[in-house]
Amino acid sequence: MKDIRIEPTWKEALRTEFEKEYFKELTDFVRGEYLSAKVFPPPKFIFNAFELTPFEAVKVVILGQDPYHGDGQAHGLCFSVPESIAMPPSLQNIYKEIVNDIGGGVPKNGNLKSWAKQGVLLLNATLTVRAHTAGSHQGKGWEIFTDAVIRTLSDKKEHLVFLLWGNYARKKNELINLEKHLILEAAHPSPFSAQNGFFGCKHFSQANAYLCALGKGEIKWN
């Protein structure tokens, strides 16, 4: 446990998780992968979502599935890419929905760090991936860990907004207490599905209305 480099409030909230056998096996697997193959994101960014959004600061949770597996894309925040990297299609569609929902202009780059610093936890279900091999680190233990993250947030906090896009994310609603939190579900923003219910979902204005009604302050999405 002492070797896990994660933001202190998260380290405390997830203390028992780091001591479980599956997490020790996951740690060994991930360490071996970084030593033997090209893996994304760079090691310092594995827990970037937690670093930028401490446990006490979380207001909104957006759930992705895997990190991007192309060169230079993944930096530990779901749907986000560094400023110098071209915006992936799903993120372009997220920006389109924001503009249609609440107005404003399209951001100039795909780095969502500003969301994270406002309390939006940008959590992938799997936190690492082999280069150019989608889904290569699924089923190794990350999903057990990130399910525990969602469950811990649901149990220990109140009045969070969970944005669940696509069938994979929507299945996570069983981990969340519906009486304590707002869950907003829609199709995935991928070009293959955005027309089937992501466009027009108005999740960004709904999230802000909920947060403002509770005196939490809105997220500046754009």
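Residues numbered from 1 in each chain as written. Predicted model: local features only at pLDDT ≥ 70, side-chain atom pairs only at ≥ 80, totals over all residues. Heavy atoms only, no water.

Turning next to the nonpolar core. Counting residues in hydrophobic clusters, the biggest one holds 64 residues, and the most contacted among them are Trp-10, Phe-47, Ile-62, Trp-115, Phe-145, Leu-153 and Trp-221. If we ignore the near neighbours within four places in the chain, the residues touching Trp-10 are Phe-18, Phe-50, Thr-53, Pro-54, Phe-55, Val-58, Leu-121, Val-149 and Leu-153. (Core = buried A, V, L, I, M, F, W, Y, C linked by side-chain atoms within 4.5 Å. Buried < 20%, exposed > 50% of the residue type's maximum accessible area, 1.4 Å probe, protein only. Contact = heavy atoms within 4.5 Å.)

Here we come to the pattern of salt bridges. Counted by the stated rule, this structure contains seven salt bridges. Here Glu-33 ties to Arg-130 by a salt bridge, and the two come within 2.7 Å at their closest N and O atoms. Separated by 97 residues along the polypeptide, Glu-33 in helix H3 (residues 21-36) and Arg-130 in strand S4 (residues 129-130) bring together distant segments of the chain. Accessibility expressed as a relative area gives 9% for Glu-33, which makes it buried. Taking the relative accessible area as the measure of exposure, Arg-130 reaches 33% and is therefore partly exposed. (Salt bridge = Lys/Arg side-chain N within 4 Å of Asp/Glu carboxyl O. Helix = DSSP H or I, 4+ residues; strand = E, 2+ residues; numbered from the N terminus.)

If you trace the four strands from one edge of the open sheet to the other, you get S3-S2-S5-S6, paired in parallel fashion. Of all the strands in the sheet, just strand S3 (120-124) and strand S6 (182-186) have a single pairing partner and so form its edges. Taken over all neighbouring pairs, the strand axes of this sheet differ in orientation by 20 degrees on average, direction set aside. The pairing of strand S2 (residues 60-64) with S3 spans five bridges and is classified as parallel. Its bridge partner lying in S3, Gly-64 is registered against Asn-124. Docked against the sheet, helix H9 (residues 203-213) engages S2, strand S5 (161-165) and S6, running at close to 175 degrees with respect to S6. (Pairing = 2+ DSSP bridges. Axes fitted to C-alpha atoms, helices over the stretch in contact; angles between N-to-C directions.)

We now examine the UniProt feature "domain: Uracil-DNA glycosylase-like" (unreviewed entry) in the protein. Under the present numbering, the feature "domain: Uracil-DNA glycosylase-like" (unreviewed entry) in UniProt falls on residues 51-211. Here residues 51-211 is 30% helix and 14% strand, with 22 Å between the C-alpha atoms at its ends. (UniProt positions renumbered as here; feature names shortened; annotations may be inferred.)

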